[in-house]
Every structure is written in C-alpha cells, then in structure tokens.
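So the chains spell out like this:
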Amino acid sequence: MSRFLSQRFSTLTAYTPGEQPKIKNIIKRNTNELPYPPSEAVSAAVKESSENLNRYCDIGCTRLREALGANLKVAPEKIIMTNGSDEILNFAFMAYGDKPFAFPDISYGFYTVFCALHKIAYEEIPLNDELGINPEDYIGIGKNIVIANPNAPTGLALPLSDIERIVASNPDNIVIIDEAYIDFGGESAIGLIDRYENLMVTRTFSKSFALAGARLGFGIANEKLIADMDLIKFSTNPYNVNSLTQAAGLAAVETADYYMSCCDKIKETRAYTASALRELGFKVIGEDANFLFASSDKISGEELLTKLRERAIIVRHFSAERIKNYNRITIGTREQMETLIKSIKEIIS
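What you see is a predicted model, and the numbers here were worked out from it, not measured in a lab.

A. Looking closely at the overall build of the chain. Across its full length, the chain holds 10 helices and 13 strands. Along the first, second and third principal axes, the C-alpha set of the chain runs to 55 × 50 × 50 Å. Expressed as a percentage of the 349 residues in the chain, the buried residues total 52%. Across the chain, the fraction of contacts at a sequence separation of at least 24, relative to all contacts at a separation of at least 6, is 72%. Total accessible area on the chain is roughly 16,100 Å²; 49% of this is exposed by carbon and sulfur atoms. Between the averaged position of the 38 positive side-chain charges in the chain and that of its 45 negative side-chain charges there is a distance of 6 Å.

Below, the structure written as structure tokens:
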C-alpha cells in the first residue's frame, strides 16, 4: 500500500474471489458458474447492441426492468438493476449503515468486507451444529439483517415461513435476503415485499442465467427502498449497467425457459453427485444451491483440493476452522461430475 492511502482503509482486508485459473482443459467447479452457455438470443442481442456503443446506456434499464418485472410479477418501479448483486448489496450497506448489521458467521464473505469498508458495526451469528441458520437467533434482534438464502457456502435454505418471521419481528430494521441461488432451490421472499416495508431481496444473473462475466444483478423492494438505492446509485455511478449487459440481460429474461431447463439439469446432476459422494463416505450438506458442501474422514479438505487440482479439477476450499475439512463443489455437467467422482474415488483409494 502507498503512503497516500487513507487511514480509513489501512486495515481493510479485501474480499477474496474464487480463483480464475488460466489452465486449459480444466474442470472449473469453484465459483458456482453455470456450465451451460447463454442462450443464442443473448449472443445476438449483444452483437446488435455493440453497434451503438458510441452512445450512453439507458440509466434506468427501462426495457430490462419491464421484462424482468413481467417475469417475476413485480412492478418495474420496485426493481433496481446493478453491476452484479455485489453492487446492490454495497448500496444497501452504504444506505443503512447507521445501524449495526447481523448475519451468519459462515456466509458470503463480502458482508464483513462491506461493514469494514463503510465502518459499520456488525454481529456474526454462529450457525448451528449442522451448519444451518437458526431463525430464532434473528427474531427481534433489533439490527439490520442480511441472510443469504440458500446460504453459501453451505447450500442450506430456510423456509419462507422463517424468513417472514424474521422480517416481521424486526420492523424498524432493514432485512436483506440475498437470493443468488434461489433458482436452484428454496422459496423466494419476493412475494413478501408489498407486505413488509423493511424487506429487500437481491438477486444475480451470474448463476442461473449464465451471465457471470456480464455483471448484472438487481434488487427488489418497495418504491421507498428502491428510491434509497437510486440515491446511492446516482451519487456514485448512474451508468452502472452498460448497454451490452442490458441487452444480454433482456435477451436472457426473454428466453427464461432455456435457463430454467438448465437449472433442472443442475438439480438432476446435483442429486447424482450427492448420492455418489455419500457412497464414497462423504458427508454432504446443502442441496438447495448449484453446489454441494462435502467433507470426508478419509482426507482433509485441503488435501483433496490439492489432489483434485493435480488432475485439472478445481473446487473451493475455505480455511475457517469450522469448515476447513469441507470443500464447496459447484455442480457442472453430468460428464464433468462423473469425472470428478472418478477422480475422488482414485484419490481416496
């Protein structure tokens, strides 16, 4: 760090993204990307949009919000489009940081980073012995709350009834439900936004819509909360979603059936992979997302990570004490997961 960096950031520890290896012919199962390509309509839309890059993009993402609203049965005025869901989360931490935040101790790593970045007090609430969220820990807690549902990296989801209890019991605090993986399992809280003025739901196109490289996310809430988010957006970067990404997102929404069929394939392959891992003696938890969280008494998480890498297969390992024996395995194609299972079988035998 240079001597010019503000002292406010001198102790900041940045978020560590999943590795993006440059190795050819690798089975990359570490960052929860969809293994299937975008629809043909997306490629065509991006190509057409590229002819107008001399002009600024639509700052309101009008057509995209209208299409997305129709798809989700939500008024466009209750949607804000952002540069990935990380941006809408960042906006929310900035906007509501006068109060402390609470979130699980094992969850998406950016939550603690945003709190550190914006000097927000926070409480990390431990997961239970089965690495699940205990909803009672959040009832009437009197803090802003962020819950990834399904949670990452565990892949476990709370039922909607528990989410509603948490939201209803904290009427004077913002509750953010991060639904990055909701298309793979769990119940969405979008239907609750008109009932609770303190609820915001965030989502991304990076997972189920195969647009991780395009960087597109969105938030859904009542008009007043969306106005808060717009205030932050127009005070930082009004043109936050570029023309190419808007075109890709619109085409993706218009071909949503293709993506939902891809999600169905992931669910089928997830069930196969979970069963195969259990047959090899692994403990597998979390079958609500597009990944599995697995550990074995036969090999440490770090050793399995290393030995899979030697076979050109990359999964995600976390060093936190409670989960250091686990690896998060993104679900790929059936062929990729058969190769993974075969390799694990060779390694542990």
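B. Inspection of the sheet that holds strand β3 (residues 101-104) at higher detail. The sheet built from 7 strands is open, its strands ordered β2-β8-β7-β6-β5-β3-β4 with mixed pairing. Taken across any chain shown, the strands that pair with only one partner, and hence form the sheet edges, are β2 (79-82) and β4 (122-125). With direction set aside, neighbouring strand axes in the sheet form an average angle of 20 degrees. Its contacts with the sheet place helix α5 (residues 160-168) against β5 (144-148), β6 (175-178) and β7 (199-204), and it is angled at close to 155 degrees to β6. Running at roughly 30 degrees to β2, helix α6 (residues 223-234) makes contact with β2, β7 and β8 (217-220) of the sheet.

C. Quick peek at the pattern of salt bridges. Inspection of the entire model under this criterion finds 13 salt bridges. Note that E136 is salt-bridged to R165, the shortest N-O span being 2.9 Å. In this pair, E136 sits in the loop between β4 and β5 while R165 sits in helix α5, placing the two residues 29 residues apart along the sequence. Judged by its relative accessible area of 35%, R165 falls in the partly exposed class. The closest approach of N and O atoms between E338 and R334, which form a salt bridge, is 3.0 Å. With E338 and R334 both in helix α10 (residues 334-348), this residue pair falls 4 residues apart, about one helical turn. What makes E338 partly exposed here is its relative accessible area of 36%. Look at the salt bridges and you will find they share partners, linking E136, D162 and R165 into a network.

D. Region of the structure containing the packing of aromatic side chains. Throughout the structure, instances matching the rule amount to 17 aromatic pairs. Taken together, the ring pairs connect Y15, F93, F101, F103, Y108, F110, Y111, F114 and Y122 into an aromatic cluster. Here R328 stacks its cationic end above the ring of F291, 5.6 Å away from the centre of that ring.

E. Structural detail: α5. Within α5, the full set of buried residues consists of D162, I163, I166 and V167. The buried residues of α5 occupy one face: seen down the axis, they fall within an arc of 140 degrees.

F. Region of the structure containing the sheet that holds strand β9 (residues 283-285). Read across the sheet, 4 strands follow the order β9-β10-β13-β12 without closing on themselves; strand pairing throughout is antiparallel. Two strands in the sheet have a free side with no partner beyond their single neighbour: β9 and β12 (316-317). Pairing of β9 with strand β10 (residues 291-295) involves 3 bridges; the strand directions are antiparallel. Considered in β10, the bridge of K283 is made with S295. Helix α8 (residues 256-279) contacts β9, β10 and β13 (326-330) of the sheet and is inclined by roughly 5 degrees relative to β10.

G. Here's a closer look at α6. Over its 12 residues, α6 runs 16 Å from end to end, which matches the ideal 16 Å to within 8%, given 1.5 Å per residue. The N-capping residue of α6, defined by a side-chain oxygen 3.0 Å from the backbone nitrogen of K224, is N222.

H. Just a nonpolar patch on the surface, in detail. Residues Y56, I59, F234 and Y239 make up a contiguous nonpolar surface patch of about 440 Å² in total accessible area. In this fold, I59 is placed in the loop between α1 (40-49) and α2 (62-72).

I. Region of the structure containing the pairing of β10. A large share of β10 lies buried, amounting to 5 of its 5 residues. In β10, alternate side chains face the same way, and those of F291, F293 and S295 on one face and L292 and A294 on the other are all buried. Hairpin remark: β9 followed by β10, antiparallel, with 5 residues in the connecting loop; positive phi at G286, about 75 degrees. As defined by bridge partners, β10 adjoins β13 across 5 bridges and the pair is classed as antiparallel. Among the inter-strand pairings, F293 is bridged to a residue of β13, identified as R328.

J. Here's a closer look at the state of the cysteines. In the structure shown here, the tally under the stated rule is 0 disulfides. Free of any disulfide, C57 has its nearest cysteine sulfur in C61, 6.7 Å distant. On the accessibility criterion, C57 (12% relative accessible area) is buried.

K. View of the environment of K307. Among the secondary structure elements, K307 is positioned in helix α9 (residues 301-310). Judged by its relative accessible area of 28%, K307 falls in the partly exposed class. The spacing of K307 and Y258 is 49 residues in sequence and 35 Å in space, taken between C-alpha atoms. Not counting residues within four places of it along the chain, the set of residues in contact with K307 comprises I299 and I347.

Conventions we followed
- Residues numbered from 1 in each chain as written.
- Predicted model: local features only at pLDDT ≥ 70, side-chain atom pairs only at ≥ 80, totals over all residues.
- Heavy atoms only, no water.
- Helix = DSSP H or I, 4+ residues; strand = E, 2+ residues; numbered from the N terminus.
- Buried < 20%, exposed > 50% of the residue type's maximum accessible area, 1.4 Å probe, protein only.
- Contact = heavy atoms within 4.5 Å.
- Areas by Shrake-Rupley, 256 points an atom, 1.4 Å probe, with all protein chains shown as cover.
- Lys, Arg positive; Asp, Glu negative; His and termini not counted.
- Charge placed at Lys NZ, Arg CZ, Asp CG, Glu CD.
- Pairing = 2+ DSSP bridges.
- Axes fitted to C-alpha atoms, helices over the stretch in contact; angles between N-to-C directions.
- Salt bridge = Lys/Arg side-chain N within 4 Å of Asp/Glu carboxyl O.
- Phe/Tyr/Trp six-rings, centres within 6.5 Å; stacked < 30°, edge-to-face > 60°.
- Lys NZ or Arg CZ within 6 Å of the ring centre and 35° of its normal.
- Arc of directions from axis to C-beta.
- Expected span 1.5 Å × (residues − 1).
- Polar contact = N/O pair within 3.5 Å; in protein donor to acceptor, adjacent residues only side chain to side chain.
- Patch = residues over 30% accessible without salt bridge, like charges linked within 9 Å, V, L, I, M, F, W, Y side chains within 5 Å.
- Disulfide = S-S within 2.5 Å.

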